[in-house]
Each structure stands twice: as structure tokens, then as C-alpha cells.
Amino acid sequence: MKRFTVCCFSNPIHKTRNHNPDKKLRNSMENSRNDNGEHAKQNNNNDVAPITSSDRTNVIVNHDFSLGMHSWHPNCCEASVVTADSGISHGVLDPSTYVVVKNRKETWQGLEQDITSRVKPCCLYKVSATVAVSGLVQGMVEVMAILKLENQQSPTNYQFIAKTCVFKEKWVRLEGMFSLPSLPERIVFYLEGPSPGIDLLIQSVTIHLESEPELERQEGVTVEDENLVVNPNFEDGLNNWSGRSCKIVCHDSMADGKIVPLSGKAFAAATERTQSWNGIQQEITGKVERKRVYEATAIVRIYGNNVTNATVQATLWVQNPNQRDQYIGIANVQATDKEWIQFKGKFLLNGSASRVVIYIEGPPPGTDILLNSLTLKHAEKIPPSPRPAIENPAFGVNILTNSQLSDGTTNGWFPLGNCTLSVAEGSPRILPPMARDSLGPHEPLSGRYMLVTNRTQTWMGPAQMITDKLKLFLTYQISVWVKLGSGINSPQNVNVALGIDSQWVNGGQVEINDDKWHEIGGSFRVEKQPTKALVYIQGPSSGVDLMVAGLQIFPVDRLARIKHLRRQSDKIRRSDVTLKFSGADASKLSGATVKVRQTRNSFPVGTCISRSSIDNEDFVDFFLKNFNWAVFGNELKWYWTEPEQGKLNYQDADDMLNLCSSNNIETRGHCIFWEVQATVQQWIQRMNQTDLNSAVQNRLTDLLNRYKGKFKHYDVNNEMLHGSFYQDKLGKDIRVNMFKTAHQLDPSATLFVNDYHIEDGCDPKSCPEKYIEHILDLQEKGAPVGGIGIQGHIDSPVGPIVCSALDRLGILGLPIWFTELDVSSINEHIRGDDLEVMMWEAFGHPAVEGVMLWGFWELFMSRDNSHLVNAEGDVNEAGRRLLAVKKEWLSHANGHIDQNGAFAFRGYHGNYAVEVISSSSQKVLKTFVVEKGDSAQVITVDLQGL
């Protein structure tokens, strides 16, 4: 496969423009990577032989100008044919026939040809042109191939095909591919690009059909079985492969025969790599369809530069028709220099693509990537998972042996490490509060505790094997009292941990800095049968004695909890409503039929969306039908809107905001700053204090002035309990100043703190007490904190643990929102259980004023096994559970108007429609709103016209 020069795919390209020579319109293309687009560079020899093909399959008429200017037209400039015997020279090496395009006053002026009748939809075409430049050329200039797509009823669009870098007096080959999902009314191909005043020289142009949608198949091979990668095992050498800004070589062995293919007879090496994104690639434009799921499988290893292991990643580069570049990480693996390893992953294209390239990248520069094979097929659909059969779940029954130490011994327990276990008296006799909420009335504890002494490592403590006691897919709650011995001089973490085979599972943690008893509450679930499982208590520094009392592990009853939450929700989310009807004859009112239907609950339920997702009309349809709030996953974050200093990209956020505002969807602004250093752009991290202060102020001013009044909420400085970049660089006052400035710039927005692990009991850094202390500190210094964000990335949720956190935070009197809720399970029924629990916990708590899901569409979630809708649009059981919960939150009532002209019912707060049907079958439809509040409401409905 011939390689062609590409300078940079991140330059601006036209989407719509005015071909008036005095004016042009250009849209900038976004690039989601922070490497300045340089990953698309390739080198090539500029000495190119002319294209002489006279193949009748060429879409271009008069491709070599042997018929003069027939079928060609200059675009707002002049053009003429130069022949070998004309005596005219532009300094190029080859004196053969070519066209010179001159008197160009704009970069978009060039040579064009109408190809409308000669291209077909969904076919892949290859473009090849031999071009040069002449005139006032300084250094390197760009020449581009473009398609102009015209429809009478919509704006003209421009689809970029390819570009190349051209030097004066050198013929250069420009090559690229394009595919059109559907055909516009008119298609014009043209060449453009050099600066005004520079002449564009064109020797020949060809456009050939590379492939059609229906590929030839072997007998018995289905579309799903076809590998879309050509020459996947390098049996045909490097045909169809190219280096991504590096050299590629085909081998049958390396390292004196120590490296041989795992399968087949050959493998490829991407070598002389100078950037981590350098690697081996293949163009698959036209082979992948939008809204279909594909699975890529690669066999790789690394070699050289004294690197023994490194991350290798399969990535998809997609260029959309509007020139937005998108990079999709398909999968990655820790590869070694010792053996081949296979990895696989899936992807889906939401929108149309003008170019698609799959490539392997990742290791540090200087390390070779070895690729034995790469396959790409339509992903097999996975059948829905059945609900797990759990026999005798024994809700509320402790699975541990001798947790009360009733016989005065530690029978059933063993020391982990060389510590010593003994029994002592004097621990609390009451259940810890979170366990009490789950278990209800319960026998008192024994008052005995395990004393753990002679601890020489933090992980030493009491342990018990529980392998045979666990049941798959049950959610277990953990409850225990813990205390530390005397002599501690710094805060100590105490953790209930589980060893499930080789995996450490966090069962709850607490930070202790006194001599009191503390509750640990946590949860866990096992979804694959372990060969070994134990529970142990660990954490304090060596030499610190540990006391453990009343440790219990018991399965929780989700249905019983939801039953309780329904009763609680009725008290806080419903009101008694009396409809008083007026405006109609009393004889028509009495006994008339009334049908009340709630159309929208006032409790906000929103979701995270992304710019690429809104190109998928199926995604948009589900989003608009089922959510009334939105938050942008990345597109408002600083690293997205300004990846390089001074280069702002608000187009993605603008597009998403336009979709939301035009459909009455409220939006949260996430986030102005992010305190965790790993999320901060390198150009910001390199700044001195003065420049950083200015950059922070500019960020606030640019963002909040641009979107003033458009976002209802802002997460001002994300995850301040887990990061401190801005505080470390600019001092403690910077956090308060961020809130103050944001409020001054947009007083209408509610300003939130936002953090994770608040509600699950597993992170001492962000326990409710720490969060309360953090919020009060900000408020005392004048920060206008108006809301509390709990992200809600939770595993195995247990209602009382979540509710306990909400109760404690509720004392601040601020609205609480779950801002990034997601749950995860390999079984979609269990995932639905978890989601249902969390939705009811939020709805049933008076301090919670809204829930935002952190996405719902497969392959576009931050966590595996958390989606509600499969990638190709099928709603799974977890998604159906969400819809069922939301349906349950809508009130309906039927009856008749009483003799007083009234109709009474009890309903959730929100929007309603009421239909009244008189005895003579006359109908009137009216709407009304049940406002939030505890008191009964009387609403007057005018039935004039009945």
C-alpha cells in the first residue's frame, strides 16, 4: 500500500462557506487528544510518478487533461492547460501535460468537477492526485481534496478527503478515501489549499471504487463472520498496512529465532517509534457501519529499549464529515517482552464517518510493538442474562461463626500473621446503627470483643474463612464495632477486608483518632464462585492494638427495603389534592367522570451525555423520552475546552446545550475546575503562581460569561476531598475565591461541591463527617456553597448505609443531588436491583432533590457492566427497571365529581392532565401542577366550554 504525506489532521476544514471571494466561513475541527494532532504525521518521498491509468472505472472524466479543460471548472479563479510543447515552465521536474490554477485570492479557490452521477452510496472510493505548487512559495504548503455536498433544502456541507504537504518544484501524490452514507443532490470534487497568490498545479486525478457494501463471501460465511481487516496475519507481507509515523517491518522471526509467530508464518513490528501513539495501522473506511457493534482482537508483544512490560492499546481514529476528529480506545493490555498476549474490545460509531483507521499504539518511544494478528468483526450479540436462582437467601442471618465470642474463646477465628488474639469484656451491647436499620429488633450483643496484640504489620488482625458460606449474587452487609488501644498519635484507618481468591475487596473503613468505639458499615457481593474467601480486619500501624466487637456479615432483603422506602416516599413526595371545578353548569358537573394522569414527576432524573452520542438518533430518542436533566461527561471540563493554552473549543458543549435547551432539558455544569492533579493539563501544571492565577480567572470569566443563565448548577471544583492541585499551587483561599467569583459572574446558578465514596462507607477521606467539615469550612470563609453533590459510583448498595450518609449530610440544610450515579453487575437483573434501590433511596429521602445517572448506553459508560441500553439500542433488564420505577412515580386517579363540584386524590408532585367527561359525553382536557409541599392543596380547574 502506497503511503502518502499527511501534515496534520487537526487543521480547520470547511463545513459550510460562502464562495464570495471576499468572504468565507470555516468551522474548526475539534481534537479530543492533547498531542496537538501530530499523531497523524507521516513522511513520504516527494518524487512521485504521474498517474497514467486510463481505466474506465475512474470516476473522474478527463483525468489527465488530455482533453484540455473538458469537465473541469476553476472555482472563482482562472485555469489553463500547459503542455510539453507550450514553452511554459513552472519549474517542475516533469514537463508533461498539467493544469495551472492561478489568480487565486482565497485558499478555497481551486479546480473542481461534478461527479454526482458517478458515485454510489456506502461505497469506498480511493482518490489519488498528482499536484505541485508554483509562485511565491515559502517552505511547505498544503493541498487538499474536498467534496462539496449540496442539497436545496439544507446548507452546503464540505467533506474532507485528504491533504498533503507540497514543496515548490516537486510533484507530490495526494491520496485518500471517502464514503458517503447517502447521496446529496449534487456532489462536486475539488482541489484547494495553497495560500492566495500561489498557483496550484495538477497533473492528474483519479477516483476509483475500492469496495462495495456487499463484499464477496466464501460459501457459508456470514457478514458477522467476516474479518474486516485485510491481510490480518501478514501472509501477504505488509500489504494494506502502514506505519503510523514510524517504520513497520514484516518478520518470520526476531532475536536470533527467540521470537516467532504465535500463529501463522509472520508478524509485523512497528519500529523507530518516537511517540507513544506511533504504531501500525490499517484504514477501514467504508467497512464499518454506524450504530453497529464491532469487536477487535489482537495478539501483541513488545520488544527492545529495555522495557519489559508496557500498555498496548487498540485505538480507532474517526474523522467525521464535519471534520471533528474522534479517538476511540477499543481495548488495552499489559504486554511483555516475554510472550504473546491476546486482548479484545468493542466499539460503535454513533455518527457517519468520512475516514476510519484502526491502529495499535501505547508503549514508550523506542520500544517496538509486535503484532501477530488483528481481526475485526461484527460483535456477537450476547443473550440476556437470566435472574440468578438463589435458594434460601436467609436475609439478616449472620454467616460468621462465633462473632459474639459467646463461649469466651476465639474459636472459628485465626490470627492473620503473627499477632495474638484474646477475648475481653466491655464493648457496646447494642447493634451499630446501620445494622440496626437493616435488622430491626435484635438481641443485644454479648459485650465481649477480640483484642488483637503483638501486631507488627498493618495487615495483621483476626480472620475467618467464609468460602462455603457465600452465595453468588446476594448483597451482604458488614457491621462491626472497632476501637484502638492507647498510644496512637495520628489518625489510623481500620478496614474490614475480604480476600476473594487473589482480589482484595473493601468491606468498609473508618478513620480513628481517639479511644472510642466506632462503627464500620460496608457491603460486598460475589458474582463468580471463589475457590477461597476470607474476611479479616486490618489497618492500624504496627504496634497498635486493635479491638473488634460484634462483627456480622448478613444478606440484605432488597424488597423489604423498597417497601419501606415506598411508605417514606408517600410522606415526602405526595400531597392530598382536591380539584375544584368551575366554569360549567352545576348539572353537568355533578357525577361527571374524571380521569387524572400525571405526565411528569417534579423530581429531576437526568443523565450524562457526550457529544459523539448525540449523533446517534436512537440514543437521543431514549434520552429525550426518559430524562429531564443532563450533564456533559467531558465537554465542559477545562482539559476539553482548552487542551492547549489559548485554543478554546466550546463547539461540543454548544451543540449539546442546544439539544437540551430546544427540548426543555435542564443542565448541570460539570465542572469548572478539577482538583485532582492527574486531570489537569500539562500546560497548566507548568505555570508559575502568577500565571496560574490569571489562567484560573480567565477560565472562570470565559466559561461563566459565555453560558450565563444556561446551566442551573455548577460543580465548581470537583473532588476537593481527593485532590489539592490548585490549593497547593495557589493557597487555601483559592477554593473560596473560585466559588465567590463564579457566583458573581452567574448569580442564577447553584454552586455545588462534588465528590465520591460519600455514601458507601469505604473511604475515610470522604466519609460524611469529612464532607460536612469541608463544606462548613468553605461556608465560614464566605464561599456560597449552594448544593451537595454525591457522585454515587457505588457497588452493592445497601439502603441503610446510603441513608445514614444522607441523614448526616442533611443537617446542613443544603439540597443533595446524586450527580454521577451508576451501578455495576455482570447480571442485568442484579444491576437492576441495585439501580432500583438507589433510585428509591434518593426519592425517599427529604434532603435529596435530584438524581443524575452517569450514562445509560453500552460502550459509553465509565464502568463496565453498568449500562441500561445495549449498544445497538435494546433496553436491557436494568433499563426496564429504571423505566418501571419512573412509571411508578406517576400518579393516576379515576372517579366522579362530587356534589360539591370537587374531586380528591393523593398524588406525587409534578405536572398533570385531567379529562372531564360529562353525562352527555362532552369532554374537556385541562392541565395543572401539584407543587412541592407537605400541606394539602386545592387546585381550581376551569371547565368553561363543557
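Our subject is the structure that appears above.
Parameters at a glance
- Residues numbered from 1 in each chain as written.
- Predicted model: local features only at pLDDT ≥ 70, side-chain atom pairs only at ≥ 80, totals over all residues.
- Heavy atoms only, no water.
- Helix = DSSP H or I, 4+ residues; strand = E, 2+ residues; numbered from the N terminus.
- Buried < 20%, exposed > 50% of the residue type's maximum accessible area, 1.4 Å probe, protein only.
- Contact = heavy atoms within 4.5 Å.
- Areas by Shrake-Rupley, 256 points an atom, 1.4 Å probe, with all protein chains shown as cover.
- Lys, Arg positive; Asp, Glu negative; His and termini not counted.
- Charge placed at Lys NZ, Arg CZ, Asp CG, Glu CD.
- Pairing = 2+ DSSP bridges.
- Axes fitted to C-alpha atoms, helices over the stretch in contact; angles between N-to-C directions.
- Arc of directions from axis to C-beta.
- Polar contact = N/O pair within 3.5 Å; in protein donor to acceptor, adjacent residues only side chain to side chain.
- Salt bridge = Lys/Arg side-chain N within 4 Å of Asp/Glu carboxyl O.
- Core = buried A, V, L, I, M, F, W, Y, C linked by side-chain atoms within 4.5 Å.
- Expected span 1.5 Å × (residues − 1).
- 1 Å grid on protein atoms, 1.4 Å probe; cavity = no way out; pocket = protein on both sides within 12 Å on 5 of 7 lines; lining within 4 Å.
- Points joined across faces, edges and corners; volume = space filled by probe spheres on them.
- Nonpolar A, V, L, I, M, F, W, Y, C, P; charged D, E, K, R; others polar.

Visitor: What am I meant to see in the overall build of the protein here?
Guide: Within the protein, the regular secondary structure consists of 14 helices and 45 strands. Across its three principal directions, the C-alpha atoms of the protein cover 110 × 90 × 65 Å. Counting the 946 residues in the protein, one finds 56% classified as buried. Residue pairs in contact within the protein that sit at least 24 positions apart in sequence constitute 77% of those at least 6 positions apart. Accessible area of the protein: about 39700 Å², with a carbon and sulfur share of 47%. Side-chain charges of the protein comprise 94 positive and 107 negative groups, with the mean position of each set lying 2 Å from the other.

Visitor: Any chance you could explain the sheet that holds strand β13 (residues 267-271) here in plain terms?
Guide: Note on sheets: strands pair through backbone hydrogen bonds, and any given pair is parallel or antiparallel. Read from one edge to the other, the open sheet built from five strands follows the order β12-β13-β20-β15-β18, with strand pairing classed as antiparallel. Strands at the two margins of the open sheet, each flanked by one partner only, are β12 (247-251) and β18 (341-348). Pairs of neighbouring strands in the sheet enclose a mean axial angle of 35°, with direction left out of account. As judged from the eight bridges shared by strand β15 (residues 293-303) and β18, these two strands associate in the antiparallel manner.

Visitor: What should I look at first to understand helix α4 (residues 617-626) in this one?
Guide: Residues separated by three or four positions in an α-helix point in the same direction, a consequence of the helix having 3.6 residues per turn. Every buried residue of α4 is listed here: F619, V620, F622, F623 and N626. Projected down its long axis, α4 carries its buried residues within an arc of 165°, all on one side. Next to the buried residues of α4 lie β33 (605-609), β34 (629-632), α6 (651-662) and α14 (877-888). The opening residue of α4, the one whose side-chain oxygen lies 2.9 Å from the backbone nitrogen of D618, is N616.

Visitor: Please explain the sheet that holds strand β26 (residues 492-500) as it appears in this structure.
Guide: With antiparallel pairing, the five strands of this open sheet are ordered in space as β21-β24-β29-β26-β27. Each having just a single partner strand, β21 (414-416) and β27 (503-512) make up the two edges of the open sheet. Each neighbouring strand pair of the sheet contributes to a mean axis angle of 25°, computed without reference to strand direction. With three bridges connecting them, β21 and strand β24 (residues 461-465) associate as antiparallel partners. Counted as the bridge partner of L416 is G461 from β24.

Visitor: Looking at this structure, how should I read the pattern of salt bridges?
Guide: Pairs can form between side chains of opposite charge whenever their charged atoms are close. What the rule picks out here adds up to 44 salt bridges. In this structure, E675 and R735 form a salt bridge, with 2.9 Å as the shortest nitrogen-oxygen distance. In this pair, E675 is assigned in the loop between β35 (666-674) and α7 (682-685) and R735 in helix α10 (residues 733-745), connecting sequence segments 60 residues apart. R735 carries the same exposure label as E675, and that label is buried. Among the charged side chains, a network of salt bridges with common partners joins R387, R558, D833, E836, E877, R880 and R881.

Visitor: Please explain the nonpolar core as it appears in this structure.
Guide: Soluble globular proteins tend to pack their nonpolar side chains together in the buried interior. Counting residues in hydrophobic clusters, the biggest one holds 112 residues, and the most contacted among them are L579, F581, V596, F623, Y714, Y726 and M839. Among the elements that make up this core, the one with the highest residue count is helix α13 (residues 828-843) (seven residues). Sequence-distant contacts of F581, defined by excluding residues within four places in its chain, comprise L589, V594, I897, G901, A902, F903, V914, V916, V941 and L943. Counting 39 residues, the second largest nonpolar core, distinct from the first, contains V229, V288, I369 and L371.

Visitor: Whenever I open this one, α14 confuses me. Can you help?
Guide: For α14, spanning twelve residues, the distance from its first C-alpha to its last is 16 Å, which sits close to the expected 16 Å at 1.5 Å a residue. Among the residues of α14, those classed as buried are E877, A878, G879, R881, L882 and V885. For α14, the secondary structure elements touched by its buried residues are α2 (558-573), α13 and β40 (848-853). Capping of α14 at its N-terminal end is provided by N876; its side-chain oxygen lies 3.1 Å from the backbone amide nitrogen of A878.

Visitor: Help me out: how do you make sense of the layout of surface pockets in this one?
Guide: Think of a ball as big as a water molecule: rolled over the atoms, this probe shows where empty space is left. There is about 900 Å³ of room inside the second largest pocket. Lining the second largest pocket are 28 residues, and of these K346, I382, E858, N865 and H867 lie nearest its centre. For the lining of the second largest pocket, a count of residues per class yields eleven nonpolar, six polar and eleven charged.

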